[in-house]
Amino acid sequence: GAGVSQSPRYKVAKRGQDVALRCDPISGHVSLFWYQQALGQGPEFLTYFQNEAQLDKSGLPSDRFFAERPEGSVSTLKIQRTQQEDSAVYLCASKPLPQETQYFGPGTRLLVL
Amino acid sequence: KNEVEQSPQNLTAQEGEFITINCSYSVGISALHWLQQHPGGGIVSLFMLSSGKKKHGRLIATINIQEKHSSLHITASHPRDSAVYICAAQKNSGGSNYKLTFGKGTLLTVNP
C-alpha cells in the first residue's frame, strides 16, 4: 500500500517568507510525528499528534513553527518568517499503534536564502 | 554529551566484509531502533528491539540493556548497503515514551 508522502519534496524560500509543508500519513495511522534534520545530523523531534490532538510540541524551535492535523489524517507544518537556520530536511513519520515502529516519509528539503 | 552516541561516524568497507556499527545510550529505554537512510532523505526502519537479538536477512541487531549498548551487524556487505545508519532510543519516561532520540548516524560506504 501507499507509504507516508510529503510535499513539496523541495522548497526554496526567501528569508522572511512563510512556508507550509504537508504530510499524508499512512491511512489509519493514529500517531504522527514531525522531525527536523540538519545537514549531517540525526533527526530531531519537533512535535507529536495522536489523531487530531497535538500532544507534544516541545521540540518546536520557536513560535514561528506551527503544526496542525485538524481531521486526524493530513498534517501541515507551517514556518512563518523563515530564517536561514530553518534550512533542513523536515521529516514526517506515522505509526498505527504506540508499540509499533514508525514509517517515515521522504522528507521535504527546505532551503532558506 | 549526547544521549545517543554512535561509532564510527564514517565507515568504508570492501564488498563482502563483516560490518559492525555501535550505539551507546545514556537514558532508560523501552526500545532501541535502527534505521537506514539513503541519499535523498528516505528513512527505513530496520529493527525495533528491547532485548536480545533480531535478524533480518544479512542484518543482525543486538542489544545489551545492562550496558546500554546496541550493535548493528551486516554480514557479506554489498555496495547497495551504502547508506547512513541511525540508532534511535525510545525513552521509557512515562508519558513521553513515544519520543525518539536519534544518534548522528554512521555513513557506511561499501566499495565493490
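The paragraphs below set out a description of the structure included in this document. This structure is a prediction, so every number in the text was calculated from the model and none was measured. (Residues numbered from 1 in each chain as written. Chains lettered and ligands numbered in written order. Predicted model: local features only at pLDDT ≥ 70, side-chain atom pairs only at ≥ 80, totals over all residues. Heavy atoms only, no water.)

Another point: the nonpolar core. In terms of nonpolar packing, the biggest core is built from 24 residues, with Leu32(B) and Trp34(B) touching the most fellow members. Those elements that provide at least two residues to this core are strand S2 (10-14), strand S3 (19-25), strand S4 (29-37), strand S5 (43-49), strand S7 (59-64), strand S8 (69-74), strand S9 (83-91) and strand S11 (106-111) of chain B. Non-local contacts of Leu32(B), meaning those with residues more than four positions away in its chain, are made with Cys23(B), Tyr25(B), Phe47(B), Met48(B), Leu49(B), Ile63(B), Ser70(B), Cys87(B), Ala88(B) and Ala89(B). Of all hydrophobic cores here, the second largest spans 20 residues; its members include Leu21(A), Leu32(A), Leu46(A) and Ala67(A). (Core = buried A, V, L, I, M, F, W, Y, C linked by side-chain atoms within 4.5 Å. Buried < 20%, exposed > 50% of the residue type's maximum accessible area, 1.4 Å probe, protein only. Helix = DSSP H or I, 4+ residues; strand = E, 2+ residues; numbered from the N terminus. Contact = heavy atoms within 4.5 Å.)

Bringing the environment of Asp63(A) into the picture now. All names here are of chain A. Note on placement: Asp63 falls in the loop between strand S6 (53-56) and strand S7 (65-68). When the C-alpha positions of Asp63 and Ser87 are compared, they lie 16 Å apart, and in sequence the two are 24 residues distant. With residues near it in sequence (within four places) discarded, Asp63 still touches Gln80 and Arg81.

With that settled, the discussion passes to the pairing of S7(A). Residue and element names in this part refer to chain A. Residue alternation in S7 divides its side chains into a buried set, Phe65 and Ala67, and an unburied set, Phe66 and Glu68. Pairing analysis gives four bridges linking S7 to strand S8 (residues 75-79), with the strands arranged antiparallel. Paired with Phe65 across the two strands is Ile79, which belongs to S8. Between the antiparallel neighbours S7 and S8 lie six residues, among them Gly72 with a positive phi of about 75°. (Pairing = 2+ DSSP bridges.)

Let's shift gears to a nonpolar patch on the surface. Residue and element names in this part refer to chain A. Taken together, the side chains of Val12, Leu111 and Leu113 present a nonpolar region at the surface, about 290 Å² in accessible area. Tracing the chain through its elements places Leu113 in the segment after strand S11 (108-112). Its relative accessible area of 55% is what places Leu113 among the exposed residues. (Patch = residues over 30% accessible without salt bridge, like charges linked within 9 Å, V, L, I, M, F, W, Y side chains within 5 Å. Areas by Shrake-Rupley, 256 points an atom, 1.4 Å probe, with all protein chains shown as cover. Salt bridge = Lys/Arg side-chain N within 4 Å of Asp/Glu carboxyl O.)

Attention shifts here to the environment of Ile79(A). All names here are of chain A. On the secondary structure map, Ile79 appears in strand S8. Each C-alpha atom, one on Ile79 and one on Arg64, is 5.6 Å from the other, the two residues being 15 residues apart in sequence. Beyond its immediate stretch of four places on either side in the chain, Ile79 contacts Gln17, Asp18, Val19, Arg64, Phe65, Asp86, Tyr90 and Leu110.

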